[in-house]
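One-letter residues, chain by chain:
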Amino acid sequence: MRTLGTQSASHTQTRPPLSLPKVMRSYQVMLKCANQVQREEINLRIRTLEERQETLLTKQTVKKAVELVRSNPKERFFTANLCKEIGKHPNIADSAFHWLHIAAKGKIDKERKTHRLFNFLHDNPQQLVEWLIFGRSPYTENSLEKYWKLHRRYIINLLTSSRMQLDSYSRRKKRNCYFSNLLVFNGALPCFTQQDILQGTEDAIAYQSNVFSQLPNLTKNQQAFLNKLKLLKQEQHVVVPFLASWINSFQSSRWKSLKKLSKELAELIGKPSRKLFSAVRQAVVFTLFDHIMQSVPQLLNGLPVSHLVPLPFKRKKKGRLPVKLLMKKDYVITRQGNANYLTQQVKKQGWTTLGFPQQGKRKLNAQVLFPPKVLEYLRNGAEIKVFQVNSGKAPIFKPRVDVVLEGEHSCFRSSKLLHYYLRSIPGKKTSTLGIDINRLGQYMVVFNTPVPLSPDLLELATHYNHLSTKVISELNQGFLRKRKNYDSYGSCKLKGELNRVYSRRHRILREILHRLPHFLAAVIVKKKCKILKIEQLTSDPTGTKGALAKAIYTMPDSLFIYKKAVWLASLELGYEVQLETVSPHHTSSIHYGCGGTLTRQQDQYDIAPCRKCRQHINSHSNAALNIASRKGNPASNDLFPSSHV
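Described in the following lines is the structure provided in the data block. All of these numbers come straight from a predicted model, not from anything done at the bench.

Considerations on the packing of aromatic side chains
Aromatic rings in a pair are described by how distant their centres are and how their planes are angled relative to each other.
Part 1 of the reasoning: For the coordinates displayed, the defined rule picks out 15 aromatic pairs.
Part 2 of the reasoning: Members of the aromatic cluster, joined through ring pairs, are Phe134, Trp246, Trp255 and Phe277.
Part 3 of the reasoning: The ring of Phe277 has Lys259 lying over it, and the distance from NZ or CZ to the ring centre is 5.6 Å.
Part 4 of the reasoning: Its guanidinium or amino end placed over the ring of Phe479, Lys495 lies 5.5 Å from that ring's centre, counting from NZ or CZ.

Remarks on the pattern of salt bridges
Part 1 of the reasoning: The tally for this structure, following the rule as stated, stands at 18 salt bridges.
Part 2 of the reasoning: Arg515 serves as the salt-bridge partner of Asp456, at 2.7 Å between the closest nitrogen and oxygen. Linking Asp456 in helix 17 (residues 455-484) with Arg515 in helix 18 (residues 488-527), this pair joins segments that are 59 residues apart in sequence.
Part 3 of the reasoning: Taking relative accessible area as the criterion, Asp456 reaches 15% and is therefore assigned buried.
Part 4 of the reasoning: Judged by relative accessible area, Arg515 falls into the partly exposed class, the value being 21%.

Section: the environment of Asn81
Part 1 of the reasoning: Tracing the backbone through its elements, the reader meets Asn81 in helix 3 (residues 75-86).
Part 2 of the reasoning: Classification of Asn81 by relative accessible area gives partly exposed; the value is 24%.
Part 3 of the reasoning: A distance of 2.7 Å separates the side chain of Asn81 from the backbone oxygen of Phe77, its partner in a polar contact.

With respect to the sheet that holds strand 7 (residues 400-408)
Part 1 of the reasoning: Strand order in the open sheet formed by 7 strands is 2-6-7-1-5-4-3, and the pairing between neighbours is antiparallel. In the strand order of this sheet, the two ends are held by strand 2 (323-324) and strand 3 (334-335), each with one partner.
Part 2 of the reasoning: Sheet analysis places strand 6 (residues 383-390) next to strand 7, joined by 7 bridges and oriented antiparallel. Residue pairing for strand 7: Glu383 is matched across the bridge by Glu406.
Part 3 of the reasoning: The sheet contacts of helix 1 (residues 36-56) involve strand 1 (22-32), strand 2, strand 4 (351-358), strand 5 (361-369) and strand 6, and relative to strand 5 the element is tilted by about 100°.
Part 4 of the reasoning: Across the sheet, helix 15 (residues 372-379) touches strand 1, strand 6 and strand 7, and the angle it forms with strand 7 is around 30°.

Quick notes on the rules
Residues numbered from 1 in each chain as written. Predicted model: local features only at pLDDT ≥ 70, side-chain atom pairs only at ≥ 80, totals over all residues. Heavy atoms only, no water. Phe/Tyr/Trp six-rings, centres within 6.5 Å; stacked < 30°, edge-to-face > 60°. Lys NZ or Arg CZ within 6 Å of the ring centre and 35° of its normal. Salt bridge = Lys/Arg side-chain N within 4 Å of Asp/Glu carboxyl O. Helix = DSSP H or I, 4+ residues; strand = E, 2+ residues; numbered from the N terminus. Buried < 20%, exposed > 50% of the residue type's maximum accessible area, 1.4 Å probe, protein only. Polar contact = N/O pair within 3.5 Å; in protein donor to acceptor, adjacent residues only side chain to side chain. Pairing = 2+ DSSP bridges. Contact = heavy atoms within 4.5 Å. Axes fitted to C-alpha atoms, helices over the stretch in contact; angles between N-to-C directions.

Following this line, the structure appears as structure tokens:
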């Protein structure tokens, strides 16, 4: 029995228990064929293997796979037993069952997290009602994000998908004991009168007042939230009729429609700058609370979580699963040795050879060329773990080959970009650096000390903005005109061009986010910085499509970027640089020099006049100075690189 990797069990080295954790990373390498005819023939053989993989992943096989992973999560045990169960030879089956093993482990992990989510909702009835109504709950998202140490996007997806799966399960089983039969996700809510809504608002005020009365001191956010609830009651002649209409009407998305309604209510009240979404949401929850909790006091107790989480490969994925490179000779795809031999061979000559056999035909060989970056990682100590091969599509039929490397994080560190950026950075030292984060452009990262943005980053940002503001807009308008004129050929052509521009823009953003940590690390190294301070990154534009959401999506506000920059700089400097976060409140609106207020008008955010001293100030540099001067807190306990990469 052979393993999925290119390294056999006899060549596995015993690692010391105190060794640093290892990670695996995938990189694309080039498959060099003799000519186009050979390339197309190799591509056809790979496609045949992919189709054989797909035929193995039947519903019965997937069910058996989940049972095997529950009994023993080890991959060797899983693959051997599954091959015995279905009576298949373990050549292409090894590759197919590798992906099935990963998917089955993912299902079981999601079941555990869903069970933990239901326990949390059972202990927090208010969040349970919020989840039933909207499919989301900010308090639940924040709590589970801290508990699991995962990205909030994952928690939101878990909440939304579990709510929809609850509806699907209830309709499928036709069990009346589930309240979701009456309260369908994003469907019609039970009808309520204006008096019920007013009573719900009063209940929300009473509940929050009671909760806040037990606290010694209220924060600004808590006091502002209580004031918003009282404002809703004070303006009940405007708020209550609109909320009654919203509850008694069908909504395609309750979350988005309530956000829109809260903005309209703020304008009608005469306070358009007030953000009333959380207060309006609280009023809706307390209006529906008694009705829902009396109907389903034990909603989540009897739910079989395993039935709520769908089986792997239930929905067809885009594209085919890659073929894992196996040990068995004359089957599937051949190579010249095991992992250790291939690693040494590629280090010396920079390439290796793969063979593509087919019964009754001559075996075709092709060279696999490794780019300089991957060769550098191999020389740093990384090892080849496995190859993955995908077939290409028309018209070029170019197969894709990825190599998976395994090694410590330090193996995948390159100082080439860092030293490139060091040349153009002024060398005045400072112990503390503050960074103001903005949308892509000239001021996307601004320091408390003058540091010009690197020309390559500025060029990429300019190109990104050009595609976003001009090219995509013009293509969309042309596409709508073609559709209006029933020009199917022109519509298809413009649609394809739009997809290509979107892909190009995505690659530009990815390249910016790849280069930015190296630029930040170069600034830290040049300034001999010991503490890097950034604003606390809490922005979440999920579910919104406005100008602010688009700006947030293009901001380099991922904590991963700054952790990586600090890690790179620490390795270069020889001491650990501290990453701290500060409160983002009023960093841009208070003048660092005199303490006055900066007047920031619409479309004029870069330079703003100070009301106190009348000077025109760069608001981004001013914000960076404020960030550097404030007391910071350590970013998080887990350092970069993360232990679960």
